[in-house]
Amino acid sequence: MTNMSNKFEADTGKILDIVINSLYSEREIFLRELVSNASDALDKRKYLGLTDKKINNSSDVSEIKIEVNNKEKILTISDNGIGMNEEDLKSSLGTIARSGTKAFLEQVASNSKDKKSDMSMIGQFGVGFYASFMVADSVEVVSKKAGEEQAWKWSSDGKTGFDLVKTDKEIAGTSITLKLKKDAKEFLEETRLQFVVRKYSDHISYPVKLLEIDKKDAKEKTLNEASALWTRPSKDITEEQYQEFFSHIGAGFGKPLLTMHNNTEGTISYTNLICIPSTRPFDLFNPDRKSSLKLYINRVFITDKCDALVPSYLRFIKGLVDTQDIDLNVSREMLQNNPAVSKISKSLVGKILRELKKVSEKNVDGYKSFWKEYGAVLKEGLYEDAERKETLLDLCRFSTNENDEIMSLSSYLEKMPENQKDIYYISAETRSQALASPHLEGFKSKNIPVLIMTDAIDQFWLPMIGTFKDKKFTSITQGQINLDDLDEKNKDKKSENKDQKEKQAKEFVDLIAQMKVVLGEQVKDIRLSSNLTDSPVCLVADDGDMDIAMEQLMAQRDANYKGAPRILEINGDHTLIKNMKSLLSKKENNDLVSDAGTLLFEQARLLEGKMPADPAQFSKIMNQFLLKAIPTQ
Ligand code: ADP
Ligand code: MG
């Protein structure tokens, strides 16, 4: 098989390479992946049989067969499921469906040099079939799609490409033949196969049968329990069985953050077996990523593309819902608007959010991990689900500038000084960028915690939600915030402060006027700041204008986007500003003051992560200043 007629796509070859070469331990998972594919194929054919009269389901039993040929060292896994035609074989077994898979796998492979088992989550990435090349020198797939006449044979050595030809072989469904590698003969042994099937595939709804075809009097033996896991009472199910089930449906490995297996009876009856995986899937933020809850009607798999089952802000939930209250003959398209589906959804979402609330109260560390993985997704609900706004706000957590522990909004309110009317926040791309902002200075000096918002979605829900328990969300980079008002204890000081401010404002009239001339339309206004303590200047968005972080978001989407000019606030207590004022009053070196003004403005832009408005001018002035600081020796 050196001259394959079809070459693998570059990405496929690369992924095969990663899979084959970085997996030494846990090779047994190839069987889990093949059995899982067979079970999916049986699910699909069952469903098709409901809607397409040509596909006759009733006569044969759905089953998965493992045949062992000891002499030839061949293992065959077959199913009488949906099957594949030429096109399916080409696209399913020759390409990588999900974008980002390769990059992600590469990263996993490079991180897991010593921890090879990390790759055991391969099934998550839609490349489980390739795991067969871990144990086989060559793989042959013979398949006939349900309802079609022609069978096809796909074969490959897993290196360069594959052959795909017509075949006359008698087949219903798919049969996968592995020519085992020399060091993989353990997978011919009955006990080994039984162990692996029990370990990974016990919960599969179809029987997995073993037959040693070259043994005399060999009997077929069923290796697994073959009853759908979710139909068993939860007290009879072990934690390992739940875990295996979830990894079978691609929810990753290990203990989920939360498992929910419930039976609901009432106006609508359904069973749910769902989990929140311990780590988020790599494509959680792909724009086209949707929920993938599986919907079963009376144990028949219907679809995993029923968006109406849970809203997209819960798209990290994995698992299934099984109900008898939907007509089996309903078409997949009609499910979106099916009243029973929306009843289930309403009940299920309520259940999930209540459970999360419980976790947040009883298992603070667990909730922390949850929030780290999925907080940014859950917050999308604040924007999308007005009905559950209160519940969701209650579940949200934020860190403040004071430390990176997360807190609820209620705890923030509890910590607020009596006179603080608003909930203060600062938005930035990263926490460290936020912490570097001069806007925080006044809040720090008065010990007022400021929430840090670093998720893109924050820019959308914040303006929409507006308040929490009547307290307004207020961006500290926008508008004029007078922190002195919070010093209720010290009323005298407050009025004193006010007088002082007015006096100061008068003193700086000339400097502000001069800087306005220099900066022109680059700034909307220039005014004295009441909140800066260490920095000489900062930029603020005017009340009605877009907040700085929102503007950055717009700029990322549209390179030509130019936001509204900002207000430049200057710190009248800063030595530099004071010196500029004095220098200006002497009227001897106005140019120097102007240039300093330009530098300060550009510096404020830099702190916001922006380029100088005029880089050439900026460098020129900067060099003049440097020359003064480092004169000729
Ligand atoms: P995934 O199962 O995550 O999609 P796999 O690499 O395991 O990724 O399989 C790729 C695709 O090949 C499947 O989605 C399915 O369309 C097809 N396939 C694999 N095995 C079978 C089978 N036994 N019967 C029918 N189709 C199959
Ligand atoms: Mg698979």
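A. Layout of the nonpolar core. Ranked by internal contacts, the top residues of the largest apolar core, which has 73 residues, are L314, F316, L378, Y424 and W461. Looking at this core, the element that brings in the most residues is helix α7 (residues 339-362), giving nine residues. In terms of domain composition, this core takes at least three residues from each of domain 2 (231-363) and domain 3 (374-475). Excluding its chain neighbours within four sequence positions, the residues that come into contact with Y424 are Y412, F443, I448, P449, V450, L451, T474, I476, I481, L483 and L486. Formed by 48 residues, the second largest nonpolar core is a distinct cluster that contains L42, A131, V135 and V139.

B. Quick peek at the environment of D43. In this structure, D43 sits in helix α2 (residues 29-51). D43 sits 253 residues away from Y296 along the chain, and the two C-alpha atoms are 9.7 Å apart. In this structure, D43 is in contact with Y206, Y296 and F301, ignoring residues within four places of it in sequence.

C. Up close: the domain arrangement of the protein. Domains assigned within the protein are domain 1 (4-227), domain 2 (231-363), domain 3 (374-475) and domain 4 (492-629). The partner domain 2 presents 24 residues to the 23 residues of domain 1 that form the contact. Here domain 1 packs against domain 2, burying approximately 2,100 Å² in sum over the two surfaces, 55% of which is carbon and sulfur. Where domain 1 packs against domain 2, one counts zero salt bridges.

D. Geometry of the packing of α2 against helix α5 (residues 190-201). For the pair α2 and α5, interaxial distance at closest approach is 9 Å and the crossing angle is 60°. Classed by the angle they form, the pair α2 and α5 counts as oblique. The handedness of the crossing between α2 and α5 is right-handed. Within the contact between the two elements, α2 uses I29, L31, R32 and V35 and α5 uses L193, V196, V197, Y200 and S201. Within the contact of α2 with α5, the residues separate by chemical class into seven nonpolar, one polar and one charged.

What counts, and where the lines are drawn
Residues numbered from 1 in each chain as written. Chains lettered and ligands numbered in written order. Predicted model: local features only at pLDDT ≥ 70, side-chain atom pairs only at ≥ 80, totals over all residues. Heavy atoms only, no water. Core = buried A, V, L, I, M, F, W, Y, C linked by side-chain atoms within 4.5 Å. Buried < 20%, exposed > 50% of the residue type's maximum accessible area, 1.4 Å probe, protein only. Helix = DSSP H or I, 4+ residues; strand = E, 2+ residues; numbered from the N terminus. Domains from an automatic or database assignment. Contact = heavy atoms within 4.5 Å. Buried area = accessible area lost by both parts, 1.4 Å probe. Salt bridge = Lys/Arg side-chain N within 4 Å of Asp/Glu carboxyl O. Axes fitted to C-alpha atoms, helices over the stretch in contact; angles between N-to-C directions. Parallel < 35°, antiparallel > 145°, perpendicular 65-115°, else oblique. Left-handed = near helix turned anticlockwise from the far one by under 90°. Nonpolar A, V, L, I, M, F, W, Y, C, P; charged D, E, K, R; others polar.

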